[in-house]
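Residue-level structure breakdown
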Amino acid sequence: MSEVLGIGIAGLGTVGAEVARLITERGDHLAERAGRPIKVVAVSARDRTKDRGVDLSGVAWEDDAVALAARDDVGLVCEVIGGSEGTAKELVEAALDAGKSVVTANKALLAHHGTDLAKRAEAKGVALAYEAAVAGGIPIIRALRDGFVADRVRRVTGILNGTCNFILTVMRETGRAFDDVLAEAQELGYAEADPSFDVDGVDAAHKLALLTALCFGREVDFNSVHIEGIRRISPVDISFATELGYKIKLLGVAEIDGEGEQAGVSQRVHPCMVPISAPIAGVEDVFNAVTVEADPVGSGMLQGRGAGAGPTASAVLGDIVDIATGRMAPAFGRPAVSLAPAKAAPLSAHVGSFYIRLMVIDKPGVLADITGILRDEHVSMESMIQRGRDPMEMVPLVLVTHEVAESSMQAALAKISALDVVVEEPAMIRIVEG
Ligand code: NAP
Ligand code: HSE
């Protein structure tokens, strides 16, 4: 058997400790698949004294993670610290510049610096692999990069954050409060170090930016992603969604908008109402799913566990074994220098249907005021639900629209929310067919 591949692991938290455990405990299996032994030779984390649940005797410790890149016995750096700046970035840059392949689960780093890091990897003829960074245990990067190589992708849609999908599922099924379910997701190791990245949609946006680069051959353009999270999803909207035949999911959607030279890519992450019959609506708990619509393959969905130690470590090890065998592909499916400059399509150009919930004082003329505004802004209604009848109290008024331009809907909402009888900021959730 050929030369040992020495791994330096930076970060021994949820993901890093599981990667170290699997390499240590499944060494023979991995060596058989890689055609050479794979060994953890050095590690780094903040606290040397913490029990990691894995035997690290004989493994070198580096207080400074960046030093892993310079060690002669480290042939591949596995970065599972996290964060778009600081040590993680310094380490990945140092490793690539030193001609060492990098495997990372760090979508924040790649969303902000992916194009530059891919160029560094290519300049040195080494790999930058990140299967674990998008949709946890689903091999979506391989599928898009290698499997759909002949296809022209029209649209990619995904449940890309396990924490949010877990929260929305548990809230709907049990009526438990948002904060309580978020705390459980943190205990289970699903959430980011800063869980606002999860619930505010930023983590899903990081992943969407990577999928967009891969699917559409563009430079990674995180700054153009329209981002809304799930904090404003209330039990009343979850209940109306069920009544109307929908489930609420946080989706990331990227698609080509426009033709030829004018074509841009629209990237958006926001809560969506998805028909209960749509395959993606059946993806619950911490599971993620990615639907790809492409020519000639058609439409298909991959699903699997999107977060947690096991699924993420599985994806990291897939990349490590690939590199050990010499299988290498450009990070974004084509040479980084040939990625087209990012060109964003604005959200205002989006056309779709909307769920709107207004809290109104139920007195004569309210509906006329609201429908008058909708008429003026060319918003056509598909259905309406009004509950309760108490002129002294506010009642929910739910509207579902036909397809309309986002710009018209936003203009109508601005006018509606200024009405005296509308007593709360309107709740608006986009309807996506899934
Ligand atoms: P985590 O549990 O918070 O672990 C982070 C690890 O990094 C800890 O071991 C910490 O050390 C170490 N660390 C922090 N700063 C460091 C520094 N300056 N130098 C060296 N080590 C440092 O995070 P995680 O959940 O494993 O996530 C790691 C990465 O994987 C992140 O990029 C995350 O987005 C990504 N990811 C996570 C999941 C998941 O389900 N958790 C899934 C996919 C991708 P101490 O332990 O000593 O504090
Ligand atoms: N915090 C992320 C999630 C981890 O909940 O999906 C997986 O990337």
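Now for a quick tour of the structure. Just so you know, the residues in each chain are numbered from 1, in the order the chain's sequence is written. Chain letters start at A and ligand numbers start at 1, both assigned in the order the entries are written. It should be noted that, the model being predicted, local features are given only for residues of pLDDT at least 70 and side-chain atom pairs only at 80 or more, the latter also being counted only at that level, while totals for whole chains, interfaces and linings use all residues. Only heavy atoms go into the side-chain values, all of them from the structure, while hydrogens and water stay out.

**Some thoughts on the site of ligand 2**
Taken together, Lys107, Asn161, Gly162, Thr163, Tyr190, Ala191, Glu192, Asp198, Asp203, Lys207, Gly306 and Ala307 form the complete shell of residues around ligand 2. The separation between an oxygen atom of ligand 2 and a polar side-chain atom of lysine 207 is 2.8 Å. Here, proximity means that at least one heavy atom of the residue falls within 4 Å of the molecule or strand. Polar contact criterion, stated in full: a pair of N or O atoms within 3.5 Å, where within protein one must be able to donate a hydrogen and the other to accept it, and residues adjacent in sequence count only if both atoms are side-chain atoms.

**A closer look at the sheet that holds strand β1 (residues 5-10)**
On the basis of which strands lie adjacent, the open sheet formed by six strands has the order β3-β2-β1-β4-β5-β6 and parallel pairing. Each having just a single partner strand, β3 (60-61) and β6 (128-129) make up the two edges of the open sheet. In terms of strand pairing, β1 meets strand β2 (residues 38-44) through six bridges, oriented parallel. Its bridge partner lying in β2, isoleucine 7 is registered against valine 40. Any two residues whose heavy atoms approach within 4.5 Å are treated as being in contact. A fitted line through C-alpha atoms represents every axis, and for helices the fit uses only the stretch in contact; the resulting angles, taken between N-to-C directions, go from 0 to 180 degrees. A run of DSSP states H or I qualifies as a helix once it reaches four residues; a run of E qualifies as a strand once it reaches two. Both are numbered from the N-terminal end. Docked against the sheet, helix α3 (residues 87-97) engages β1, β4 (76-79) and β5 (101-104), running at close to 165° with respect to β4. For two strands to be treated as a pair, DSSP must find no fewer than two bridges joining them.

**Some words on the pattern of salt bridges**
Counted as salt bridges are all cases of a side-chain nitrogen of Lys or Arg within 4 Å of a carboxyl oxygen of Asp or Glu. Inspection of the entire model under this criterion finds 32 salt bridges. Across the pair arginine 142 and aspartate 319 runs a salt bridge, and its minimum N-O distance is 3.3 Å. Separated by 177 residues along the polypeptide, arginine 142 in helix α5 (residues 140-147) and aspartate 319 in helix α11 (residues 309-325) bring together distant segments of the chain. Of the charged contacts in the structure, one is a salt bridge between glutamate 406 and arginine 430, with a shortest N-O distance of 2.7 Å. Note that glutamate 406 is positioned in helix α13 (residues 406-417) and arginine 430 in strand β17 (residues 427-431), a separation of 24 residues in sequence. Here the two residues glutamate 406 and arginine 430 agree in accessibility, since each one is buried. Connected via shared salt-bridge partners are Lys89, Glu93, Asp97, Asp116 and Arg120. In this scheme, a residue with accessible area under 20% of its type's maximum is buried, one over 50% is exposed, and one in between is partly exposed, where area comes from a 1.4 Å probe on protein chains only.

**Considering the side chain of aspartate 319**
The class of aspartate 319 is buried, set by a relative accessible area of 6%. Here glutamate 131 takes part through its backbone nitrogen, which lies 2.9 Å from a polar atom of the side chain of aspartate 319. In contact with aspartate 319, not counting residues within four places along its chain, are Val103, Ala129, Tyr130, Glu131, Ala132 and Arg142.

**A word on the packing of helix α1 (residues 14-25) against α11**
Running from amino to carboxyl end, α1 crosses α11 at an angle of 60°, the nearest separation of the two axes being 9 Å. Looking at the two axes, α1 sits oblique to α11. Handedness of the α1/α11 crossing: right-handed. Side by side, α1 and α11 meet where Thr14, Val15, Glu18, Val19, Leu22 and Ile23 of the first sit next to Ala309, Gly310, Thr312, Ala313, Val316, Leu317 and Ile320 of the second. Angular relationships are summarised with four words: roughly parallel below 35 degrees, roughly antiparallel beyond 145, roughly perpendicular across 65 to 115, and oblique for the angles in between. Two helices crossing with the near one rotated counterclockwise from the far one by less than a right angle form a left-handed crossing, whereas a clockwise rotation gives a right-handed crossing.

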